[in-house]
Amino acid sequence: MPYDMALGLKKGAEENQVFEKKGGSIMDILNFAIALVALIIAVIAFQRTGGTKELRRTTAELLAKMEKRMREEEAAKVEKEKAQ
């Protein structure tokens, strides 16, 4: 009998499979719980920073500024072409 088996360090294939299944499912549950807590924290943080209303308002403001700048650049380009 090998030394490891005498100490009980090696288990049969059947015992390893049962242990891996139990350990795997425990780890899956733990990973799911951690992910759920992280998701809840992320949602709370998003709401504290203004949520979707603030995001929409900011996006609309940036889009309006960009549109105004592009129109001004296009108008300047057209005027420059007319001058030449």
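Treat the numbers as computed from the prediction; the structure is a model and nothing was measured.

As for the overall build of the protein chain
Of the regular secondary structure elements, the protein chain holds three helices and zero strands. Helices (α) and strands (β) of the protein chain occur, in sequence order from the N terminus, as α-α-α. Buried residues in the protein chain amount to 1% of all 84 residues. Approximately 8300 Å² of the protein chain is accessible, and the part contributed by carbon and sulfur atoms is 63%.

Regarding a negative patch on the surface
Among the surface-exposed residues, Glu72, Glu73, Glu74 and Glu81 lie close enough to one another that they form a single negatively charged patch. Mapped onto the fold, glutamate 73 is located in helix α3 (residues 51-83).

Concerning the pattern of salt bridges
A complete count under the given rule lists three salt bridges for this structure. As a salt-bridge pair, glutamate 54 and arginine 57 come within 2.5 Å of each other at their nearest N and O atoms. In this pair, glutamate 54 and arginine 57 both sit in helix α3, three residues apart, roughly one turn of the helix. You can call glutamate 54 partly exposed: its relative accessible area is 31%. Residue arginine 57 is classed as partly exposed on the basis of its relative accessible area, which comes to 41%. Ionic contacts of the salt-bridge type, sharing partners, join the residues Glu54, Arg57 and Glu61 into one network.

Here we look at a nonpolar patch on the surface
A surface patch of nonpolar side chains, about 570 Å² in accessible area, is lined by Phe32, Leu36, Leu39, Ile40, Val43 and Ile44. Accessibility expressed as a relative area gives 57% for phenylalanine 32, which makes it exposed.

Concerning the confidence of the model for the protein chain
When pLDDT is averaged along the protein chain, the result is 80, and 71% of the positions lie at 70 or above. Across the protein chain, the secondary-structure element scoring lowest on mean pLDDT is helix α1 (residues 3-7), at 51, and the one scoring highest is α3, at 90.

Conventions we followed
- Residues numbered from 1 in each chain as written.
- Predicted model: local features only at pLDDT ≥ 70, side-chain atom pairs only at ≥ 80, totals over all residues.
- Heavy atoms only, no water.
- Helix = DSSP H or I, 4+ residues; strand = E, 2+ residues; numbered from the N terminus.
- Buried < 20%, exposed > 50% of the residue type's maximum accessible area, 1.4 Å probe, protein only.
- Areas by Shrake-Rupley, 256 points an atom, 1.4 Å probe, with all protein chains shown as cover.
- Patch = residues over 30% accessible without salt bridge, like charges linked within 9 Å, V, L, I, M, F, W, Y side chains within 5 Å.
- Salt bridge = Lys/Arg side-chain N within 4 Å of Asp/Glu carboxyl O.
- Lys, Arg positive; Asp, Glu negative; His and termini not counted.
- Charge placed at Lys NZ, Arg CZ, Asp CG, Glu CD.
- pLDDT = per-residue confidence, 0-100.

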